[in-house]
Each structure stands twice: as C-alpha cells, then as structure tokens.
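The lines below spell out each chain.
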Amino acid sequence: VGYVRPRKRRGTQGAVGIIADNFANCFEGEFYNIVVESLAQELKAINKNIYLEALGEKDEYFPQIITKNLVDGILFLGKVFPNHIIMTKQKHIPFIMVGHPIPNVEMHAVVPDNRSGAIQAVEHLLSLGHRTFSTLEVNHERFTGCSGRN
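Because the structure is predicted, anything quoted here is derived from the model rather than measured. (Residues numbered from 1 in each chain as written. Predicted model: local features only at pLDDT ≥ 70, side-chain atom pairs only at ≥ 80, totals over all residues. Heavy atoms only, no water.)

Asker: Looking at this structure, I do not really get helix α4 (residues 82-90). What am I missing?
Answerer: One turn of an α-helix holds 3.6 residues; hence residues three or four places apart share an orientation. Of all the positions in α4, only H84, I85, M87 and T88 are classed as buried. In a view along the axis of α4, the buried residues occupy a sector of 165 degrees, so they form one face of it. Where α4 is buried, its residues touch α3 (64-67), β3 (73-78) and β4 (95-99). A positive backbone phi angle near 60 degrees is found at H92, which sits one or two residues after α4. (Buried < 20%, exposed > 50% of the residue type's maximum accessible area, 1.4 Å probe, protein only. Helix = DSSP H or I, 4+ residues; strand = E, 2+ residues; numbered from the N terminus. Arc of directions from axis to C-beta. Contact = heavy atoms within 4.5 Å.)

Right, here's the structure in full:
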C-alpha cells in the first residue's frame, strides 16, 4: 500500500527513556531503584510512558530509544559508554546521567556523595550517644567518611 505513518515531531513522543548498564540497577539497590520508582510515579501522574533499555557489555550496541528518537528525554543509570552520550547529544535528546559521569564530557549529572552521606550518618549516630561503630561492607569512599570522624 505504501502508507508510512508520519512520525511525531520532537518533543511529542510522550515518553522518557531509561538506559541502564544493566536491568538490576533499575530494580535493586539503595539508589537507582528509588530514582526509577520516583520517575515512574511522576510520569504516570502526567500520562507519560517509560521506555527501558539495558546496555550490553560492548559499546557497539546503540539503544533504539536513541537511534529511533523514541523519547523526549533520557535518564542514563550506571556506567555508560561515551559514544552513547555523544550520539544522544548529536540527536539533541535531553539527558541526565545518574551515578557515573564520564570525564571530559559535558553533561548534567546526579552523583551520590558517599563520603558526605557517611559523615552525616556518623554525626547522627554520635548525636544519639553512640560511640562504637563497625562496618559489614566497606566501600573505600564511604569508609573514609566514617574513619575521618573523631
């Protein structure tokens, strides 16, 4: 028949994309899952959709939500490859990096401050009278936040 459905204009897709280094980041843990859940709630309230795509371990794979302009904006979760950011910029798709900014690439990013969080947690416990602490799992950056306290 030859009919080709016209594409919606930029900004009218009605969806936000989430590109994660793996699906587990979106649903498990103490940080990314909260970001995803909050985004889902906000988008549901305004009748928008989420497209979710996971990256492989190779940078040759380009997510379809970027290549086919399926979304109005993208939230990158976890570690991504620079060429994915470059392509997103070239396609003029707004995006935010959550968790692992790429050095020497200009972008908006939300990065947890583990050291500051550890200091705040220790100060809170000290204010409650606790004086002895132990850790079960040590992330060096978090540990330096705790061990730097007297």
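Asker: Could you clarify how one ought to interpret the environment of V36 in this entry?
Answerer: Within the secondary structure, V36 sits in helix α2 (residues 32-45). Counting along the chain gives 18 residues from V36 to I18, while the straight-line C-alpha distance between them is 8.3 Å.

Asker: So what exactly am I meant to see when it comes to unusual backbone geometry here?
Answerer: For residues besides glycine, phi is generally negative; the peptide bonds are generally trans as well. A positive phi angle, near 60 degrees, is found at N47, a position not held by glycine. Here N47 lies in the loop between α2 and β2 (49-54). By relative accessible area, which is 72% here, N47 ends up exposed. Its identity as a non-glycine residue notwithstanding, H92 has a phi of 60 degrees, on the positive side. Within the element layout of this structure, H92 appears in the loop between α4 and β4. Exposure remark for H92: the relative accessible area of 62% places this residue in the exposed category.

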